[in-house]
Amino acid sequence: MLICLTASHKNSSFDLLERLSAAEGRLERALLDADPTIAGAVIINTCNRFEAYVELDSAGTPPQARAALTAAAASSTNLDSAELVDTWDLHVGEEAARHLFAVSSGLESVVVGEGEIAGQVRRALEFARAEDTTTSDLERLFQRASQTSRAVKNKTPLGRAGRSLVRLALDLSDSRVPDWSALRVLLIGTGAYAGASLAALRDRGVTQVSVYSPSGRAAKFAQGHDIEPVAAADFETAVAEASLIVTCTTATDYVLDADIVAAGRRHAPLAPPQLGHEDAPGCPVIAPARQLVIDLGLPRNVNPNVVEAGSIELLDLETIRLHAPLEEVQATDHARVLVNRAAKKFIQVTSEQGLDPAVVAMRRHAHAILEEEVARVAPRDPDGVAERALRHLMGRMLHVPTVRARELARAGEHDRYLEALETLLGLAVPAAADQVEVEVPESNRRAS
């Protein structure tokens, strides 16, 4: 059984998601160790969601999985189990597949249609592979999610209209920036969001960009993107001289606060120009500021006290969420049609594969009887006429049971097929069999 347990911006507070994102280590292995009925797990942990996709064996139940995830998450964060236990939304079977396909397509994002999530889903699978916590069904589920995401991007307007969190943050900043080309920008971080931020800034005409990395990767990133690196010794000065600061690191501690800003301003030879301000629909009204700080980190990269340094506006993920645009209905509807179709197809294929061991067992049993009969008539069949007739007859007889297996699997009626095999042929095949070495009853091995 495939299930999904999720906490997202739709059902959880920003503060809870931030603390979940700070979990020490990954939880896939902890889940498998906590509950033997959990066969595999893949976890997606982003700034807007924490989701566990779990495959349960035949003895597992969703409440057990919920308890295991709650315990693992609580032990790795400063969250109380009681705070977490009622947080998770549960999706089972086809609904779990539909939810993942919608997530990977950007339909469940703060900014509907944003593109970063597809890469995050892909990297979640890669990590689970490295930890050896995937299963064949989870592998197929996530691969199909990537295929569905590409289909939505290529076949619907959502892919063209969807904007990333980075671009939305810059859109919300438009009313404060009279001339993007005049800005001095400091980028803090060198990960995927840093690359997206740099691309979005350049699209607006920004040319003066420098990068600082708390982990020491600035020089390599700067060389690959043709911008200036900032050394640790120059960080405070670079902060003070920037008109716009964009933070997007995975650091668990603040990388920017009021003390750093104040220290930089005492020594910086240059001061950024005053940013303008115009009233704009959907934008928070603030006083003119000398600097704008956009914090895309989760956990937060910027201490909220940074505004105490004066003349600074802070735009963080919580503010961005409040001003995210409404979904484009037509594009979203078309995308959901593709997502629903893909989810149904995934479950159909999974169900059919679930009866494969039974079909193989049935055919092996039938062919064993066939070979006995062929051997019995062989001495009286020098031209092979009887053998060909027997093989043709067996092929026709097996056709309908094989087709019915697929039909019943698609309808979710595996048990009916398994019961029929046991009743008519004496074959006992477990519903979740991993192998097809089935013992054929002696009474069924002989032709009358």
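Residues numbered from 1 in each chain as written. Predicted model: local features only at pLDDT ≥ 70, side-chain atom pairs only at ≥ 80, totals over all residues. Heavy atoms only, no water.

Student: Sorry, what's going on with the overall build of the protein chain here?
Tutor: When you go through the protein chain residue by residue, the secondary structure sums to 18 helices and 10 strands. Expressed as a percentage of its 448 residues, the buried residues of the protein chain come to 49%. Partitioning the contacts of the protein chain with sequence separation of at least 6, the portion at a separation of at least 24 is 71%. Of the accessible surface of the protein chain, which amounts to about 21400 Å², a share of 51% is contributed by carbon and sulfur atoms. (Helix = DSSP H or I, 4+ residues; strand = E, 2+ residues; numbered from the N terminus. Buried < 20%, exposed > 50% of the residue type's maximum accessible area, 1.4 Å probe, protein only. Contact = heavy atoms within 4.5 Å. Areas by Shrake-Rupley, 256 points an atom, 1.4 Å probe, with all protein chains shown as cover.)

Student: How should the sheet that holds strand 1 (residues 2-8) be read in this particular structure?
Tutor: Pairing between the strands of a sheet is mediated by backbone hydrogen bonds and can be parallel or antiparallel. The four strands lie next to each other as 2-3-1-4, forming an open sheet whose pairing is antiparallel. Edge positions in the sheet fall to strand 2 (38-45) and strand 4 (89-92), since each has one partner strand and no second. Each adjacent strand pair in this sheet contributes to an overall mean axis angle of 15°, direction not counted. Of the pairings in the sheet, the one linking strand 2 to strand 3 (residues 49-56) comprises seven bridges and is antiparallel in character. (Pairing = 2+ DSSP bridges. Axes fitted to C-alpha atoms, helices over the stretch in contact; angles between N-to-C directions.)

Student: Can you walk me through the nonpolar core in this structure?
Tutor: Among the nonpolar cores identified, the biggest contains 37 residues, and Leu244, Ile294 and Ile320 are the most heavily contacted of them. Breaking this core down by element, the ones donating at least two residues are helix 9 (165-173), strand 5 (184-188), helix 10 (192-203), strand 6 (208-212), helix 11 (218-225), strand 8 (244-247), strand 9 (291-295) and helix 14 (317-322). The leading source of residues in this core is helix 9, at six residues. Leu2, Phe101, Ala128 and Ala335 belong to the second largest nonpolar core, which has 30 residues in total. (Core = buried A, V, L, I, M, F, W, Y, C linked by side-chain atoms within 4.5 Å.)

Student: Which parts of the structure should I look at to understand helix 7 (residues 136-155)?
Tutor: Since the α-helix advances by 3.6 residues per turn, residues separated by three or four positions end up pointing in the same direction. Between its first and last C-alpha, helix 7 extends 28 Å over 20 residues, near the 28 Å set by a 1.5 Å rise per residue. Among the residues of helix 7, those classed as buried are Asp137, Leu138, Glu139, Leu141, Phe142, Ala145, Ser146, Thr148, Ser149 and Val152. (Expected span 1.5 Å × (residues − 1).)

Student: Please clarify how the packing of helix 5 (residues 94-104) against helix 7 should be interpreted in this entry.
Tutor: To characterise two packed helices, one gives the angle between the axes of the helices and the distance between these axes. Put simply, helix 5 and helix 7 touch, their axes get as near as 8 Å, and they point 45° apart. Overall, the two elements helix 5 and helix 7 adopt an arrangement that is oblique. The two elements helix 5 and helix 7 cross, and the hand of that crossing is right-handed. On helix 7, the residues touching Ala97, Leu100, Phe101 and Ser104 of helix 5 are Leu141, Phe142, Arg144, Ala145, Thr148 and Ser149. (Parallel < 35°, antiparallel > 145°, perpendicular 65-115°, else oblique. Left-handed = near helix turned anticlockwise from the far one by under 90°.)

Student: For this particular structure, what's the right way to read the pattern of salt bridges?
Tutor: Side chains that differ in sign of charge can pair as their charged atoms come close. Here the structure, examined in full by the defined rule, presents 16 salt bridges. Here Glu94 ties to Arg98 by a salt bridge, and the two come within 2.5 Å at their closest N and O atoms. With Glu94 and Arg98 both in helix 5, this residue pair falls four residues apart, about one helical turn. Connected through shared salt-bridge partners, Glu94, Glu95, Arg98 and Lys344 make up one network. (Salt bridge = Lys/Arg side-chain N within 4 Å of Asp/Glu carboxyl O.)

Student: Could you clarify how one ought to interpret the packing of aromatic side chains in this entry?
Tutor: The geometry of an aromatic ring pair comes down to the distance between the two centres and the angle between the two planes. Summed over all chains, the structure comprises four aromatic pairs. Look at Phe50 and Trp88: their rings are 6.0 Å apart centre to centre, the planes differ by 40°, and that puts the pair in the tilted class. In this pair, Phe50 is assigned in strand 3 and Trp88 in the loop between helix 4 (81-85) and strand 4, connecting sequence segments 38 residues apart. Taken as a pair, Phe50 and Trp88 share a single burial class, namely buried. (Phe/Tyr/Trp six-rings, centres within 6.5 Å; stacked < 30°, edge-to-face > 60°.)

Student: Even after reading the chapter, I still don't get the pairing of strand 5, so can you show me in this structure?
Tutor: The side chains of a regular strand alternate between the sheet's two faces. Of all five residues in strand 5, four are buried, a share of seventy percent or more. Where strand 5 meets strand 6, five bridges bridge the pair, whose relative direction is parallel. Across the sheet, residue Ile188 finds its bridge partner in strand 6, namely Tyr212. In terms of strand pairing, strand 5 meets strand 8 through four bridges, oriented parallel. Along strand 8, the bridge assignment pairs Ile188 with Thr247.

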